[in-house]
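# Summary of structural features
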Amino acid sequence: MKKVRIGVLTGGGDCAGLNPAIKWVVKSALDERLQSERGVQYEVVGIRDGWKGLVEVDPESPAPGESIIQGFDVFRSMLLTQEVVRTWDRYGGTFLGTSRTNPYNPKNDQSKTVLANIEKLSLEAVIAIGGEDTLGVACKLARDGVNTIGIPKTIDKDLPGTDYTLGFETALNVITEEVDRLRTTAGSHKRIFVVETMGRHAGWLALEGGESSGAYIILIPEHDFSMDKVNDLVLEAKGRGSRYDIIVVAEGAKPAGGGEFVVRDGVDGFGHKALGGIAEYVAGEIQNAAKLDTRSIVLSHLQRGGAPCAYDRRMGRYFGIAAIDLVVKGDFGKMVSVRNGEITAVPLEEAAGKPRLVDVHTEYDTDRYNGRRTILNHITEK
Ligand code: F6P
């Protein structure tokens, strides 16, 4: 029977849902019943640490020490069997490891090494599980002749071409749980809490996390906010007798006329700044201007941690199976995706486009700084 070797990797920020996707790539590729129908014997190789695993290791001169990683051979890759991945869908993060390595970084282009290593490892297809950056690389590799397939993940849910990205729902659960915890302490002390979520360009996490947790104010990158208006809103709530309030703010949100808040200088291999600090700013301004006791908290990487929720396990499963369907059909250069509740596939070019943002006109209330209050009855926009 014809043998075909597939590589699978995870790149960019980790999140819940990656391990379920890897498990189902392996299980569907190796499925015994389907194998006889397909007439092809697939083999799946897990590549460690995203694109870094295809940049740093020359299969002909393996790095000493790499072989000690349990189960991984000297090529920073390992053969994934059904037994190896059997329990992976229960766990968060990625057992393959991840990195933000960009082989097409204009300052250090290592794409030729990646192409050579894919050839040396005899990979006839590469399945990349990632967000805008990782899938952007997959897209470029496809143009360079590699058979690539993408699986969408990012807790930010801002990838174009799909309505869902792995990790988002688990992150929403974290936000909701943490806000629940904050309510008791906020209420006891009559304090306002400003909670910072991730979300670089898009406010999905803040908006839907704020909606799920019942936040009073939600601030998103798509709509620059007025600090005066935030203060008016909290004073208004105070006037109504509110003991405490929860404000959820996305890390990429900005006050009108101001810029993004960053935690340190510099950018990563894909040109991204490290955002953070907006919650502390908002809390400080409320404390100073509205004279209300206010605290801030940054949920940060907690949102990416923990076991995948049921939805991320299921979506990881569907995306993993769909990715192998594309490999079997030889339909490369695509990203599996979900559109209007149906699993489908779109060209990787589409996934590498502009981020999918919250539509401020239909999904956000710019008066209340919150989610919409009409869903079926559309009121004429001002
Ligand atoms: O890419 C998703 C993301 O969750 C962004 O919202 C955030 O800015 C970034 O990851 C931070 O990731 P790290 O600290 O791992 O670089």
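Residues numbered from 1 in each chain as written. Predicted model: local features only at pLDDT ≥ 70, side-chain atom pairs only at ≥ 80, totals over all residues. Heavy atoms only, no water.

Now for the packing of helix H9 (residues 227-239) against helix H10 (residues 278-290). In contact at an axis separation of 10 Å, H9 and H10 are set at 65° when each is read in the N-to-C sense. Like other packed secondary-structure pairs, H9 and H10 cross with a definite hand, here right-handed. Contacts from Met 227, Val 230, Asn 231, Val 234 and Leu 235 of H9 reach H10 at Tyr 281, Val 282, Glu 285, Ile 286, Ala 289 and Ala 290. Split into classes, the residues belonging to the contact of H9 with H10 amount to nine nonpolar, one polar and one charged. (Axes fitted to C-alpha atoms, helices over the stretch in contact; angles between N-to-C directions. Helix = DSSP H or I, 4+ residues; strand = E, 2+ residues; numbered from the N terminus. Left-handed = near helix turned anticlockwise from the far one by under 90°. Contact = heavy atoms within 4.5 Å. Nonpolar A, V, L, I, M, F, W, Y, C, P; charged D, E, K, R; others polar.)

A word on the environment of Ala 128. Along the chain, the position of Ala 128 falls in strand S4 (residues 125-130). Put simply, Ala 128 and Gly 353 are 225 residues apart on the chain and 17 Å apart in space, counted from C-alpha to C-alpha. Once you skip the residues sitting within four places of it in the chain, Ala 128 turns out to touch Leu 9, Trp 51, Thr 134, Leu 135, Ala 138, Ile 149, Gly 150 and Ile 151.

Okay, helix H5 (residues 111-120) next. Where H5 is concerned, the buried positions are Ser 111, Val 114, Asn 117 and Ile 118. Projection of H5 onto a plane perpendicular to its axis shows the buried side chains occupying an angular sector of 125°, all on one side. Exposed residues pointing more than 90 degrees away from the buried face of H5 are listed as Lys 112 and Glu 119. Its buried side turned inward, H5 meets helix H3 (52-55), S4 and helix H6 (132-143). Directly beyond the C-terminal end of H5, a positive phi value near 55° is found at Ser 122. (Buried < 20%, exposed > 50% of the residue type's maximum accessible area, 1.4 Å probe, protein only. Arc of directions from axis to C-beta.)

The domain architecture assigned to the protein chain consists of domain 1 (2-166 + 308-351) and domain 2 (172-305 + 359-371). Of note, the centres of domain 1 and domain 2, computed from C-alpha atoms alone, are 34 Å apart. With 16 residues of domain 1 at the interface, the matching set in domain 2 holds 15 residues. Summing the contributions of domain 1 and of domain 2, the shared interface buries around 1,400 Å²; its carbon and sulfur component is 50%. Ranking the residues of domain 1 by area buried against domain 2 places Arg 100, Ile 155 and Asp 156 at the top, with a combined share of 40%. Remark: the boundary between domain 1 and domain 2 carries two salt bridges. Where Lys 157 meets Glu 208, a salt bridge forms, and the shortest distance between an N and an O atom there is 2.8 Å. (Domains from an automatic or database assignment. Buried area = accessible area lost by both parts, 1.4 Å probe. Salt bridge = Lys/Arg side-chain N within 4 Å of Asp/Glu carboxyl O.)

With 93% of its residues at a pLDDT of 70 or more, the protein chain shows a mean pLDDT of 93. Below a pLDDT of 50 lies the segment residues 64-72, which in the model reaches 14 contacts outside its immediate sequence neighbourhood of four places, other chains included. (pLDDT = per-residue confidence, 0-100.)

A few words on the packing of helix H7 (residues 168-189) against helix H8 (residues 204-213). Direction vectors running N to C along H7 and H8 enclose 50°, while the axes themselves pass 9 Å from each other. In this view, H7 runs oblique relative to H8, as classed from their interaxial angle. Pair H7 / H8 crosses with right-handed handedness. Residue-level contacts link Phe 168, Ala 171, Leu 172, Ile 175, Thr 176, Val 179 and Arg 183 of H7 to Trp 204, Leu 205, Glu 208, Gly 209, Ser 212 and Ser 213 of H8. The residue makeup of the contact of H7 with H8, split by class, is seven nonpolar, four polar and two charged. (Parallel < 35°, antiparallel > 145°, perpendicular 65-115°, else oblique.)

Counted under the stated rule, the structure contains 17 salt bridges. With a shortest N-O distance of 3.9 Å, Lys 229 and Asp 367 are connected by a salt bridge. Residue Lys 229 is located in helix H9, and its partner Asp 367 is located in the loop between strand S14 (364-365) and strand S15 (370-371); the two are separated by 138 residues in the primary sequence. Overall, the relative accessible area of 40% leaves Asp 367 in the partly exposed class.

Attention now goes to the site of the ligand. Taken together, the neighbourhood of the ligand is formed by Arg 100, Ile 155, Asp 156, Met 198, Gly 199, Arg 200, Glu 251, His 301 and Arg 304. Between the ligand and Glu 251 there is a distance of 2.6 Å, counted from an oxygen atom to a side-chain nitrogen or oxygen. Protein contact buries 80% of the 400 Å² of open area that the ligand shows by itself. Classifying every residue of the shell around the ligand by side-chain character gives two nonpolar, two polar and five charged. Residue-level mapping places the shell around the ligand at the junction of two domains, with at least three residues from each of domain 1 (2-166 + 308-351) and domain 2 (172-305 + 359-371). (Near = heavy atom within 4 Å. Polar contact = N/O pair within 3.5 Å; in protein donor to acceptor, adjacent residues only side chain to side chain. Areas by Shrake-Rupley, 256 points an atom, 1.4 Å probe, with all protein chains shown as cover.)

Evaluation of the coordinates by the stated rule reveals five aromatic pairs. Their ring planes at 70° and their centres at 5.1 Å tell us that Trp 88 and Phe 95 sit as a pair that is edge-to-face. Taken together through their ring pairs, the aromatic side chains of Trp 88, Tyr 91 and Phe 95 make up a single cluster. Across the ring face of Trp 24, the terminal group of Lys 27 is positioned such that the distance to the ring centre comes to 5.5 Å. Taking NZ or CZ as reference, Lys 157 lies 4.8 Å from the ring centre of Trp 204, over its face. (Phe/Tyr/Trp six-rings, centres within 6.5 Å; stacked < 30°, edge-to-face > 60°. Lys NZ or Arg CZ within 6 Å of the ring centre and 35° of its normal.)

Even without a glycine there, the phi angle at Lys 190 is positive, about 55°. Within the fold, Lys 190 resides in the loop between H7 and strand S6 (192-197). For Lys 190, a relative accessible area of 45% translates into the label partly exposed. The phi torsion at Lys 291 lies on the positive side, around 60°, for a residue other than glycine. Mapped onto the elements, Lys 291 comes out in the loop between H10 and strand S11 (294-298). Relative accessible area serves as the criterion here: at 65%, Lys 291 is assigned to the exposed category.

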